[in-house]
Amino acid sequence: MSPESITADQVWTWLEGVPDPEIPVISIVDLGVVRDVVCANESVTVTITPTYSGCPAMAVIAEDIKLALEKRGVVSVELVTKIAPPWTTDWLSEKGKARLEDYGIAPPRQTGVPERCPNCHATTVTKVSQFGSTPCKAQWRCDDCLEPFDYFKCL
Ligand SMILES: [Zn+2]
């Protein structure tokens, strides 16, 4: 593919194939990290916004984006990190939220309380710990099936 024929739509599709390093079931596009794609001349500029500050995944994400585009013949990939407006869990796509739940992680909610147990969908849940397997998650337990689960904290 010649670089001139690369469109932003094409790049978005490729980026949908780049998984989040921490939660590989959702792509960085579904996570809402990719804000903008601009194709000009022979280079592609991708604007990304970091998720939770202190998440070390951003360096990995930047590297993965470069690799994914270079693999498709993009000669020059430029990454721009934009920290304002800050990323919020509202930027998670509906598809991303559904995938989180399928993966056993309760998606974020404005109330700060998971809607239901991702395993059995019971709605009576109890917080176990403010910190789960990563700082982005809290640990909860289902009162029904008694299974512990991660809750993706709302931001
Ligand atoms: Zn349950």
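Definitions and limits used
Residues numbered from 1 in each chain as written. Predicted model: local features only at pLDDT ≥ 70, side-chain atom pairs only at ≥ 80, totals over all residues. Core = buried A, V, L, I, M, F, W, Y, C linked by C-beta atoms within 7 Å. Buried ≥ 20, exposed ≤ 12 C-beta atoms within 10 Å, placed from the backbone. Helix = DSSP H or I, 4+ residues; strand = E, 2+ residues; numbered from the N terminus. Domains from an automatic or database assignment. Pairing = 2+ DSSP bridges. Axes fitted to C-alpha atoms, helices over the stretch in contact; angles between N-to-C directions. Contact = placed C-beta atoms within 7 Å.

A short note on the nonpolar core
Then, in step 1: Counting residues in each nonpolar core, the largest one holds 33 residues, and the members touching the most others are Ile 28, Val 33, Val 34, Val 44 and Phe 149.
Then, in step 2: Counting residues per element, the ones that place at least two in this core are α1 (8–15), α2 (28–31), β1 (34–40), β2 (43–48), α3 (57–71), β4 (105–106), β6 (137–142) and β7 (148–152).
Then, in step 3: Looking at which domains feed residues into this core, each of domain 1 (3–81) and domain 2 (104–152) gives three or more.

Focus: the sheet that holds β2
Then, in step 1: Overall, mixed pairing links the three strands, which are arranged β1-β2-β3 in an open sheet. Looking at the sheet topology across the chains shown, the edges are occupied by β1 and β3 (76–81). Across the sheet, the mean angle separating the axes of adjacent strands is 20° when strand polarity is ignored.
Then, in step 2: Relative to β2, β1 runs antiparallel, the two sharing six bridges. When the sheet's bridge partners are listed, Cys 39 is paired in β2 with Val 44.
Then, in step 3: Against the sheet, α1 makes contact with β1 and β2, and its axis sits at roughly 135° relative to β1, the strand it touches most.
Then, in step 4: Sitting on the sheet, α3 is in contact with β2 and β3, with an inclination near 155° to β3.

Things to note about the pairing of β7
Then, in step 1: For β7, the tally of buried residues reaches four of five residues, placing the bulk of the element in the interior.
Then, in step 2: Of the pairings in the sheet, the one linking β4 to β7 comprises two bridges and is parallel in character. When the sheet's bridge partners are listed, Ile 105 is paired in β7 with Asp 150.
Then, in step 3: Connecting the antiparallel pair β6 and β7 is a turn made up of five residues, with Leu 146 showing a positive phi of about 65°.

A few points about the domain arrangement of the protein
Then, in step 1: According to the domain assignment, the protein consists of domain 1 (3–81) and domain 2 (104–152).
Then, in step 2: Each of domain 1 and domain 2 has a C-alpha centre, and the two are 29 Å apart.

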